[in-house]
Amino acid sequence: MGEVVDQWANIHQDMLDEFAKRIHLYDDYLQLRLVCKQWNFKLPKILNGNKAPWLLLPIGGGAATNEAFKVDTHKEILEEKGIYHLTLPELQYQLIRGSCYGWLIIVSMYEGTIRMLNPLTKVFLDLPPISNLPDVIYNEDQCSFYFHGHNMITEKTIFANKFLIWKVIINSAPDDINFMAVALYGSSRLAFYKPSNKRWLKLPTRALPYFQDVIFFQRWIFAIEYDGQLYRFDTMTKAGPMVTIFKPSTPFHTVTTKEINQKYLIVTADRSLLLVVRHLINLICEEEECSYKTTKFDIYELKENSNAWSRISSLGNYILVIGFNASVQMFAGNLLNSKGNQIYFTDSLVEEQSLVETYYHNIGIFNLEDGSCQEVLSDVNFFCPPVWILP
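Predicted, not measured: the structure shown is a model, and the values here were computed from it.

Thresholds applied
Residues numbered from 1 in each chain as written. Predicted model: local features only at pLDDT ≥ 70, side-chain atom pairs only at ≥ 80, totals over all residues. Heavy atoms only, no water. Helix = DSSP H or I, 4+ residues; strand = E, 2+ residues; numbered from the N terminus. Buried < 20%, exposed > 50% of the residue type's maximum accessible area, 1.4 Å probe, protein only. Polar contact = N/O pair within 3.5 Å; in protein donor to acceptor, adjacent residues only side chain to side chain. Pairing = 2+ DSSP bridges. Axes fitted to C-alpha atoms, helices over the stretch in contact; angles between N-to-C directions.

Engineer: Mind showing me how you'd approach the side chain of Asp298 here?
Structural biologist: Mapped onto the fold, Asp298 is located in strand E21 (residues 289-302). The class for Asp298 is buried, based on a relative accessible area of 3%. Within the structure, Asp298 has its side chain in polar contact with the side chain of His279 (distance 2.8 Å). Within the structure, the side chain of Asp298 is placed 2.7 Å from the side chain of Arg311, a separation counted as a polar contact.

Engineer: What exactly am I supposed to notice about unusual backbone geometry here?
Structural biologist: As a rule of thumb, non-glycine residues mostly have phi less than zero, and peptide bonds are mostly trans rather than cis. If you check the backbone angles, Lys198 has positive phi at about 70 degrees while not being a glycine. Considering the arrangement of structural elements, one finds Lys198 in the loop between strand E13 (189-193) and strand E14 (201-202). We note that Gln218 has phi near 55 degrees; this positive angle belongs to a residue other than glycine.

Engineer: What should I look at first to understand the sheet that holds strand E5 (residues 103-108) in this one?
Structural biologist: Within a sheet, each strand pairs with its neighbour through backbone hydrogen bonds, oriented either parallel or antiparallel. Strand order in the open sheet made by the four strands is E4-E5-E6-E7, with antiparallel pairing throughout. In this open sheet, the two strands that pair with only one neighbour each are strand E4 (94-100) and strand E7 (124-127). Sheet twist, expressed as the average angle between the axes of neighbouring strands with direction ignored, equals 30 degrees. The pairing of E5 with strand E6 (residues 114-117) spans four bridges and is antiparallel. Bridged to Leu104 within E6 is Leu117.

Honestly, it's all geometry; don't read function into it.
Spelled out as structure tokens, the structure:
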């Protein structure tokens, strides 16, 4: 009997790969890796070992089934062979508000909790809840908070939980000794969390900003305002968090009344900062239904010691991945069937998504070379916004 077990354990790698190719449920793939130590060692943690961005698509209104679609840009955007099914009851009644280092950051609509979930291992880790954020006051079924930098407003707690958190990012995997999280909430507030602090701490601002994105860069936290003003926060000082405000000159285009834009910060491979400006137009704007379309992207670079954003027209062999995830740059040569000079995007308009019953998320791949855009699933109303996962 032991000899038979050894034969399975020492199966040829090609045969083992053939087994893996025929599996479409990730839960089944995990079971395959657990057959024996040798199989667990030979098979990659990520199915097919492809490090291309995965798109997590929550299916059904509050349902427990979610599908992770792996993007293949060589043929169709979504190929049947690149679809893997995950059963994630943990996402029921949750909103995804971040994706970093393979972890999702999810917010409970009913309880106001903020948690980290690894969708592949199903491991949970708790961050402090919404009620712990500075300048947020819970009172039974009411929640009071600052929004858009104006006076404090009060809403029903469930409604506030849906749109108060705009984005949460982390600087590393949670087992790192220097782990830190940052929350962008109410559009004008930033707070950071370290396990040693046990709670969210406020990052100081000198005015009433309108932040659109936040990112870790070296020892600092950078945040970008709607008008291009750049904030740099240092949380390592003994006196507490310090802020430096920059206003690099920029050739931003004037936004028309029919257009909105969303800004994203990205750290490049050569350690400079990119500012990505996404231009959108409103296709449907009704009381119960809303839809936007991405028309173009402008990209600017801020090199070290520079005081001006410089316009760049090409990403070369790199792609950018933006949305609720921590915005990243990736080398296309390391990705299967992928080419550079493209932007992978999902919809991250929190306020617009939260105010209507039916919202059609704007998802796709934008080609900077010719200005073309492959949109996907633009007619689907997801109960929870899709998000990129970077395994």
